[in-house]
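Chain by chain, the residues run as shown.
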Amino acid sequence: MVRVVFTANLERHLSCPEETVSGTTVREALEAVFETQEKLRGYILDDQSRLRQHMVIFVDGQTIVDRVHLSDSISPESEIYVMQALSGG
């Protein structure tokens, strides 16, 4: 099962506990999470179901490539980290 983790800074806005789900792509895993945490969808995805500009997703330590379709492959042992992309100076 795929482990999906949301960083603590997202917890300030929404309840988003870690989940273990199944799927073969990032999209499938996120959709499984959204089934139980619907409010996360609007925070992570825009109105066209693309990853919002201020969000970043890592799969097994690598940034995903497909921010539009979220078609990056995952394995049953994958770890997905979803976080806000922060910048500063």
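Our subject in this report is the structure included herewith. (Residues numbered from 1 in each chain as written. Predicted model: local features only at pLDDT ≥ 70, side-chain atom pairs only at ≥ 80, totals over all residues. Heavy atoms only, no water.)

Looking now at the overall build of the protein chain. Of regular secondary structure, the protein chain possesses three helices and five strands. Each of the three principal axes of the protein chain carries a C-alpha extent, and together these read 35 × 25 × 25 Å. Out of the 89 residues belonging to the protein chain, those deemed buried represent 40%. Counting contacts in the protein chain only where the partners sit at least 6 residues apart, residues at least 24 apart contribute 50% of the total. For the protein chain, the exposed surface amounts to about 5,200 Å²; the carbon and sulfur share of it is 51%. Counting 8 positive and 14 negative side-chain charges, the protein chain places the averaged centre of each group 8 Å from the other. (Helix = DSSP H or I, 4+ residues; strand = E, 2+ residues; numbered from the N terminus. Buried < 20%, exposed > 50% of the residue type's maximum accessible area, 1.4 Å probe, protein only. Contact = heavy atoms within 4.5 Å. Areas by Shrake-Rupley, 256 points an atom, 1.4 Å probe, with all protein chains shown as cover. Lys, Arg positive; Asp, Glu negative; His and termini not counted. Charge placed at Lys NZ, Arg CZ, Asp CG, Glu CD.)

One non-glycine residue, serine 49, lies in positive phi territory at about 65 degrees. Of note, serine 49 is situated in the loop between helix 3 (38–44) and strand 3 (55–59). With a phi angle near 50 degrees, aspartate 60 is a residue other than glycine that sits in the positive phi range.

Our next topic: the pairing of strand 5 (residues 79–84). Because side chains alternate across strand 5, one face comprises the buried residues Ile80, Val82 and Gln84, and the other comprises Glu79, Tyr81 and Met83, none of which is buried. Pairing geometry for strand 1 (residues 2–6) and strand 5, over four bridges, is parallel. For valine 5, the partnering residue across the bridge sits in strand 5 and is tyrosine 81. Bridge analysis of strand 3 against strand 5 gives five bridges, and the strand direction is antiparallel. Within strand 5, the position partnered with valine 59 by the bridge is isoleucine 80. (Pairing = 2+ DSSP bridges.)

What follows concerns the environment of arginine 52. With respect to the helices, strands and loops of the structure, arginine 52 is situated in the loop between helix 3 and strand 3. Here the alpha-carbon distance between arginine 52 and alanine 85, two residues 33 residues apart in the chain, equals 9.8 Å. Those residues in contact with arginine 52, other than ones at most four positions away along the chain, are Gly42, Tyr43, Ile44, Leu45, Asp46 and Arg67.

The next thing to look at is the sheet that holds strand 2 (residues 19–21). Within the open sheet, the five strands sit side by side as 2-1-5-3-4. Their pairing is mixed. Unpaired on one side and paired on the other, strand 2 and strand 4 (62–63) mark the two borders of the sheet. Both strand 3 and strand 4 contribute to a ladder of two bridges, which runs antiparallel. Within strand 4, the residue paired with valine 59 across the bridge is glutamine 62.

The next point concerns the pattern of salt bridges. Within the structure shown, the criterion is met by six salt bridges. Put simply, glutamate 38 and arginine 41 hold a salt bridge, and the shortest N to O gap is 3.2 Å. Remark: arginine 41 and glutamate 38 occur in helix 3; sequence separation between them is three residues, near one turn of the helix. Given the relative accessible area of 48%, glutamate 38 is considered partly exposed. The shortest N-O distance in the salt bridge between aspartate 46 and arginine 50 comes to 3.3 Å. Taking relative accessible area as the criterion, arginine 50 reaches 31% and is therefore assigned partly exposed. (Salt bridge = Lys/Arg side-chain N within 4 Å of Asp/Glu carboxyl O.)

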